[in-house]
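Architecture and fold: a report
So the chains spell out like this:
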Number of protein chains: 2
Amino acid sequence: MVTKGVKADVKTDDVVATLGEVTAARGMDALTARLEALQSLLAGDLAEVEEALGVVGLEGDTPAHRSARHLLALGGKRLRPICVALAAHVGTGFNEAAKTFAVAVEMIHNATLLHDDVVDLGDRRRGADTARVVYGNAASIFGGDFLLADALCRVQAAGVDGVLPHMLKTVKELVTAETLQLAARGKVRSSTSDYFRIAQGKTASLFRWAMFAGARAGGVGLRECEALEAYGGMLGLAFQIVDDVLDYAGDPDATGKDLLTDLREGKMTYPLLLAVERDPGLAVALEANCRGDEVSVTPEIARRIGRVMSEGGVVPECLTLATRMCRDAAKSLEILPSSPARSALEDVALATPLRRK
Amino acid sequence: MVTKGVKADVKTDDVVATLGEVTAARGMDALTARLEALQSLLAGDLAEVEEALGVVGLEGDTPAHRSARHLLALGGKRLRPICVALAAHVGTGFNEAAKTFAVAVEMIHNATLLHDDVVDLGDRRRGADTARVVYGNAASIFGGDFLLADALCRVQAAGVDGVLPHMLKTVKELVTAETLQLAARGKVRSSTSDYFRIAQGKTASLFRWAMFAGARAGGVGLRECEALEAYGGMLGLAFQIVDDVLDYAGDPDATGKDLLTDLREGKMTYPLLLAVERDPGLAVALEANCRGDEVSVTPEIARRIGRVMSEGGVVPECLTLATRMCRDAAKSLEILPSSPARSALEDVALATPLRRK
């Protein structure tokens, strides 16, 4: 656990340590050792990020500010700040600007989650009540608006060339993906190209920005920045696919999320689209159980999905795709000179399809 | 009516024409004539703004995009774009950058309205169903996010020095004011300083930005920009006070809003704070009728408020304050050389406390 300087009540999942546990359990000793090295490389940086996140919104004491602080204090994987930090280490290292970007990217991610939870009427996140349950929908809406506005001001103040315009473009992509995802809810027969368009905007775009911003903060040249951005985009997509698989095949105690939440919210993720492709009768059953945008998951539907996910080979197919994307991500780093940071990024990519929470 | 190039279904209140009607009815012939001149000065600019607003969000066809377009198509006073245009005319005139800022400021204003209507559970705005009634709360939340993100991208792309940082600071002020207003809801005994803090952030800040951005687009020097910003801040505050008075003393057919809406939503506006000061028993009655954040307005309460507003002199006192602020606004323009644009701004300030919708 990265806990130095972190308030005791903020439980960050140390995603690198978790990946290390998975690789160790699989006997992947070399990768495990490298992930341990990565963990110690990042420990100081992430402690600084946690400390900065711990004081976000303290200038206000309204339910909206408390909503934002509630969610941030629930921790999470902090994968986007990790991307910023590693990209900065490809250059001159983790400096003030990189720290600002690492904090800002996590704030923006959390801003989208606050709005998502109101939109999805989500009650639980990261194993706790959502901010909207504690402080109400209105506070969550303005809490999200506050995190976004504050994060943009911080990025602007950092004054690193090109990073703010890229951020604004990214926020628009994020929001556009949210509008598409909302429009696609309950549409059982959407296409995988819709899914990838949404995942690109919703997840990959912010990973791309994280890599770009960290690299720019570290003074990395433009050509290398492009490679790092490409890495971020691919890693983000793979991360999203694994996330969607965990909605069916994860351990709710580890993920802090009930199984089949996406399906209940009418979100047709990649594994579910493959499942419907393998078992066309499933689409009919889902449509019959669709009320408004939401799907009522009967025991029969849950069984049927479970069957096609394992016997129909959906889970392995998704993980194979995620693995291929992660390999491509690592491959895009080949133009960079060898360095501990580049190796660390390669290891994160290798380990991403293995995560179980 | 400014209708050239405007889609027939967009009803913009021509606020300048409306002010002209008021001044004409009061026999203020000189001001009426000048407002007519102002109207023709702005007609072309505002038609361009309407045309640009008419295609906002057309790149997407989701309920969130439709929410944004629904609200924009309901028109409104377009007072913030008018500020941008007049400030630009103080310099070299209304150019592409000024048009971009005029469109962006209206988009941001509408973004806050989309979120406000979800927060306040508002059903009617500008005499029509709110976007959340037509397309749902979720679409309104993302519709607001979209307008904000898109507007920021436009301001960035215009590339006028200093305008984007000022915008980001303004958005943070706006959101902070929203968080304060939400926290103050149902608090019958709030202070007038809380009110002014909220009004500064919620209304004056965007008027300030509109004047600044328009002036910068028109190449106005920094010292003059500051004067125009000061004007915008004062005009915005006065505008807000008049708006709050119209919640008690307006004509619902003209304003498109039921009377006492602010009070029902538990918002203690300036006139209401004065009313409570004049009639301390009113605070007790309001508190007794407060459920959660909302106030249930009984006929007895409505009568009591009506009495103190007129007999207690609350309405005249508010309008006197608004008039003083507008005079101060006009006075801050004294450092500018005489010009039709400066005269127009003075006339808008003179006429603002007279508006009835």
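From a predicted model like this one, the values you see are computed outputs, not experimental measurements. (Residues numbered from 1 in each chain as written. Chains lettered and ligands numbered in written order. Predicted model: local features only at pLDDT ≥ 70, side-chain atom pairs only at ≥ 80, totals over all residues. Heavy atoms only, no water.)

1. Quick look at the overall build of chain A
For chain A, the helix and strand inventory stands at 17 helices and four strands. A globule of 357 residues ought to have a C-alpha radius of gyration of about 21 Å, and chain A, at 20 Å, matches this closely. Counting only C-alpha atoms and orienting by the principal axes, one finds that chain A spans roughly 55 × 50 × 35 Å. Classification of the 357 residues of chain A by burial places 59% in the buried group. At a minimum sequence separation of 6, the contacts of chain A that also span at least 24 residues come to 75%. Carbon together with sulfur atoms contributes 52% to the accessible area of chain A, which is approximately 13,500 Å² in total. Within chain A, one finds 41 positive and 48 negative side-chain charges whose respective centroids are separated by 2 Å. (Helix = DSSP H or I, 4+ residues; strand = E, 2+ residues; numbered from the N terminus. Rg over C-alpha atoms; globule rule 2.2 N^0.38 Å. Buried < 20%, exposed > 50% of the residue type's maximum accessible area, 1.4 Å probe, protein only. Contact = heavy atoms within 4.5 Å. Areas by Shrake-Rupley, 256 points an atom, 1.4 Å probe, with all protein chains shown as cover. Lys, Arg positive; Asp, Glu negative; His and termini not counted. Charge placed at Lys NZ, Arg CZ, Asp CG, Glu CD.)

2. So, the packing of helix α5 (residues 96-119) of chain A against helix α9 (residues 192-217) of chain A
All names here are of chain A. It is the contact of α5 with α9, at a shortest axis distance of 8 Å, that shows an interaxial angle of 165 degrees. With respect to each other, α5 and α9 are oriented roughly antiparallel. The interaxial crossing formed by α5 with α9 has right-handed handedness. Contact residues: α5 offers A97, A98, F101, V105, I108 and H109, while α9 offers L206, W209, A210, A213 and A217. (Axes fitted to C-alpha atoms, helices over the stretch in contact; angles between N-to-C directions. Parallel < 35°, antiparallel > 145°, perpendicular 65-115°, else oblique. Left-handed = near helix turned anticlockwise from the far one by under 90°.)

3. Some details on the packing of helix α9 (residues 192-217) of chain B against helix α10 (residues 222-249) of chain B
Helices that pack against each other are described as a pair by the angle of their axes relative to one another and the distance between those axes. Residues and elements named next belong to chain B. For the pair α9 and α10, the least separation of the axes is 7 Å and the interaxial angle reads 140 degrees. Judged on the interaxial angle alone, α10 and α9 are oblique. Remark: the crossing between α9 and α10 carries right-handed chirality.

4. A look at a nonpolar patch on the surface
Residue and element names in this part refer to chain A. There is a patch of nonpolar side chains on the surface, built from V133, V134 and Y135 and spanning about 220 Å² of accessible area. Its location among the elements puts V133 in helix α6 (residues 131-135). Of the residues examined, V133 reaches a relative accessible area of 39% and is grouped as partly exposed. (Patch = residues over 30% accessible without salt bridge, like charges linked within 9 Å, V, L, I, M, F, W, Y side chains within 5 Å. Salt bridge = Lys/Arg side-chain N within 4 Å of Asp/Glu carboxyl O.)

5. As for the interface of chain B and chain A
Tallying the contact residues gives 34 residues for chain B and 33 residues for chain A. Across the chain B to chain A interface the summed buried area is about 2,900 Å²; carbon plus sulfur atoms make up 84%. Among the residues of chain B in contact with chain A, F142, L168 and K172 of chain B are the three that bury the most area, contributing 22% of the side total. Linking chain B with chain A are four salt bridges, by the criterion used here. (Buried area = accessible area lost by both parts, 1.4 Å probe.)

6. Some details on unusual backbone geometry
Residue and element names in this part refer to chain A. Unlike most non-glycine residues, L121 shows phi in positive territory, near 55 degrees. Relative to the helices and strands, L121 resides in the loop between α5 and β1 (124-125). At R126, a residue that is not glycine, the phi angle is positive and equals roughly 50 degrees.

7. Considerations on the relation of the copies chain B and chain A
In screw terms, the move from chain B to chain A is a rotation of 180 degrees and a rise of 0.0 Å along the axis, fitting with an RMSD of 0.0 Å. Look at the turn and shift together and you get a two-fold axis relating the two. (Least-squares fit on C-alpha atoms with pLDDT ≥ 70 in both.)

8. A short note on the side chain of R185 of chain B
Residue position: R185 of chain B is located in the loop between α8 (163-184) and α9. Once you skip the residues sitting within four places of it in the chain, R185 of chain B turns out to touch V119, D120, E265, G266, K267, D293 and E294 of chain B.

9. Things to note about the confidence of the model for chain A
Chain-level pLDDT for chain A is 91 on average; 94% of the residues reach the 70-or-more range. Contacts for the low-pLDDT stretch residues 1-8 of chain A, under 50 throughout, to residues beyond four places or in other chains number 13 contacts. (pLDDT = per-residue confidence, 0-100.)

10. Let's talk about α10 of chain B
With 28 residues, α10 of chain B extends 40 Å between its outermost C-alpha atoms, agreeing within 8% with the 40 Å of an ideal straight helix rising 1.5 Å per residue. Counting buried positions along α10 of chain B gives 20 out of 28 residues, so the element sits mostly inside the fold. (Expected span 1.5 Å × (residues − 1).)

11. Brief notes about the packing of aromatic side chains
A complete count under the given rule lists ten aromatic pairs over all chains for this structure. Relative to F196 of chain A, the ring of Y195 of chain A has its centre 5.1 Å away and its plane inclined at 80 degrees; by these criteria the two rings are edge-to-face. Residue classification places Y195 of chain A among the buried residues on the basis of a relative accessible area of 7%. Consider the rings of F207 of chain B and F239 of chain B, whose centres lie 5.5 Å apart with planes at 45 degrees: the pair is tilted. Remark: F239 of chain B occurs in helix α10 and F207 of chain B occurs in helix α9; sequence separation between them is 32 residues. Taken together, the aromatic side chains of Y195, F196 and Y270 of chain A make up a single cluster linked through ring pairs. (Phe/Tyr/Trp six-rings, centres within 6.5 Å; stacked < 30°, edge-to-face > 60°.)

12. As for the pattern of salt bridges
Taken as a whole and assessed by the stated rule, the structure comprises 48 salt bridges over all chains. Between E317 of chain B and R278 of chain B there is a salt bridge, with its nearest N and O atoms 2.1 Å apart. With E317 of chain B in helix α16 (residues 314-331) and R278 of chain B in helix α13 (residues 270-278), this residue pair connects regions lying 39 residues apart in the sequence. Through salt bridges that share partners, D120, R185, E265, K267 and E294 of chain A make up one connected network.

13. As for the side chain of S190 of chain B
Residue and element names in this part refer to chain B. Structurally, the position occupied by S190 is in the loop between α8 and α9. With a relative accessible area of 19%, S190 lands in the buried category. Among the polar contacts listed, one links the side chain of S190 to the backbone oxygen of K187, at a separation of 2.7 Å. If we skip the residues at most four places from it in the chain, S190 touches A184, M268 and L273. (Polar contact = N/O pair within 3.5 Å; in protein donor to acceptor, adjacent residues only side chain to side chain.)

14. Structural notes on the environment of V118 of chain A
Tracing the backbone shows V118 of chain A in helix α5. Its relative accessible area of 8% is what places V118 of chain A among the buried residues. Discounting chain neighbours no more than four positions away, the residues touching V118 of chain A are R132, N137, S140 and I141 of chain A together with I141 of chain B.

15. Considerations on the nonpolar core
Soluble globular proteins tend to bury their nonpolar side chains together. Counting residues in each nonpolar core, the largest one holds 234 residues, and the members touching the most others are L263 of chain A together with L263 of chain B. In contact with L263 of chain A, other than residues within four places in its own chain, are D247, Y248, L272, L286, V295, V297, I301 and I305 of chain A. Judged by nonpolar contacts, the second largest core, of 16 residues, contains A64, I141, F142 and L182 of chain B. (Core = buried A, V, L, I, M, F, W, Y, C linked by side-chain atoms within 4.5 Å.)

16. Regarding the environment of R303 of chain B
Residues and elements named next belong to chain B. Along the chain, the position of R303 falls in helix α15 (residues 299-310). Overall, the relative accessible area of 53% leaves R303 in the exposed class. A sequence separation of 229 residues divides R303 from L74, and the C-alpha atoms of the two residues are 32 Å apart.

17. Some points on the state of the cysteines
Taken as a whole and assessed by the stated rule, the structure comprises zero disulfides over all chains. Take C83 of chain A: it sits in no disulfide, and the sulfur closest to it among the cysteines is that of C326 of chain A, at 11 Å. (Disulfide = S-S within 2.5 Å.)

18. Things to note about helix α3 (residues 63-73) of chain A
Among the residues of α3 of chain A, A64, H65, S67, A68, H70, L71 and L72 of chain A are the ones counted as buried. Following α3 of chain A by one or two positions, G75 of chain A has its phi on the positive side, about 75 degrees.

19. Considerations on the environment of G60 of chain A
Residues and elements named next belong to chain A. Within the secondary structure, G60 sits in the loop between α2 (29-53) and α3. A residue is classified by how much of its surface remains accessible, and G60, at 15% relative accessible area, is buried. C-alpha of G60 to C-alpha of L79: the two residues are 19 residues apart in sequence and 27 Å apart in space.

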